[in-house]
Amino acid sequence: MTIKEKAKSRGRPRSFDEDAALSAAQALFHQHGYDGVGVAALAQAMGINPPSLYAAFGDKAALFDRVLARYARNALPVDDILVPGTPPATALTELLRTAARIYAADPAAPGCMVLEAARSADATAAAQARCWKDRSVDRVRDYLTPGHPEQALPVADYMVAVMSGLSSDARNDKPVERLLAIADMAGLALKAALASR
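Every value quoted in this text rests on a predicted model; they were computed, and no experiment measured them.

Undergrad: Explain the overall build of the protein to me, please; I cannot follow it from the model alone.
TA: Broken down by element type, the protein carries eleven helices and zero strands. In terms of overall dimensions, the protein has C-alpha extents of about 80 × 35 × 30 Å along its principal axes. A buried classification covers 41% of the 197 residues belonging to the protein. Here the analysis covers contacts within the protein between residues at least 6 apart in sequence; of these, 68% occur between residues at least 24 apart. In the form shown here, the protein has an accessible surface area of approximately 10800 Å², with 55% of it arising from carbon and sulfur atoms.

Undergrad: Is there a simple way to explain helix α10 (residues 152-171) in this structure?
TA: An α-helical segment advances 3.6 residues per turn. Residues three or four places apart therefore align on the same side. Between its terminal C-alpha atoms α10 stretches 29 Å, which fits the 28 Å expected from 20 residues at 1.5 Å a residue. Buried residues belonging to α10 abut α7 (88-105), α8 (113-117), α9 (123-144) and α11 (176-193). Downstream of α10 by one or two residues, Asp 173 has phi in the positive range, about 65°.

Undergrad: How should I be thinking about the domain arrangement of the protein in this particular structure?
TA: In many reports, interface size means the accessible area that the parts give up when they come together. Splitting the protein by domain gives domain 1 (18-71) and domain 2 (77-195). Taking the mean C-alpha position of each, domain 1 and domain 2 sit 25 Å from one another. Between domain 1 and domain 2, the residue contacts involve 13 residues of the former and 17 residues of the latter. Carbon and sulfur atoms make up 64% of the surface buried where domain 1 meets domain 2, a total of about 1300 Å² over both sides. When the buried area of domain 1 at its contact with domain 2 is split by residue, His 30, Leu 68 and Tyr 71 rank highest and sum to 44% of it. For the pair domain 1 and domain 2, the interface holds zero salt bridges. For the side of domain 1 that touches domain 2, the elements supplying multiple residues, two or more each, are α2 (18-32) and α5 (60-74). Looking at which element gives the most residues to the side of domain 1 that touches domain 2, the answer is α5, with seven residues. Grouping the amino acids of the side of domain 1 that touches domain 2 by side-chain chemistry returns eight nonpolar, three polar and two charged.

Reading the values: the criteria
Residues numbered from 1 in each chain as written. Predicted model: local features only at pLDDT ≥ 70, side-chain atom pairs only at ≥ 80, totals over all residues. Heavy atoms only, no water. Helix = DSSP H or I, 4+ residues; strand = E, 2+ residues; numbered from the N terminus. Buried < 20%, exposed > 50% of the residue type's maximum accessible area, 1.4 Å probe, protein only. Contact = heavy atoms within 4.5 Å. Areas by Shrake-Rupley, 256 points an atom, 1.4 Å probe, with all protein chains shown as cover. Expected span 1.5 Å × (residues − 1). Domains from an automatic or database assignment. Buried area = accessible area lost by both parts, 1.4 Å probe. Salt bridge = Lys/Arg side-chain N within 4 Å of Asp/Glu carboxyl O. Nonpolar A, V, L, I, M, F, W, Y, C, P; charged D, E, K, R; others polar.

Given below as structure tokens:
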């Protein structure tokens, strides 16, 4: 009896690919939003049963947080675009254009998962997403601060507002050409805002 109890407490090793499971969860959350996906559907897409999901990732909110972190790291090549030495308006316009292309690239998962989740009806999910949204503001602000300290925060807020609009429009099937036109118009505003320095 003691031997069985010890064996039981150790449990079985995980028999699934965690990255593949997170990728499947990300696809569902991105397509349907946090509110539109249940634990049973997540577990099925991830190829595990609900108890295994809870054991590996915690509850649905904890899984969503992991997925948001994964998405935020990989969604936009921000560090490749916001390179010191590049004229800021040029770099920021390119960031908007890249976002427009990415947001419209996959009809099954349009827009930005973080920005859309920030509007979630679930308070926990919305708060988790807003943390990543705030990090985006901080990243742009930090990029601009050395050369444009006074404009850095308003421009960073403007960038996230435009990206949020691009995301929403992509989710409403606006063609990429129109999203790019919006990005280019925003680029003119950025150039004007940053022309003083």
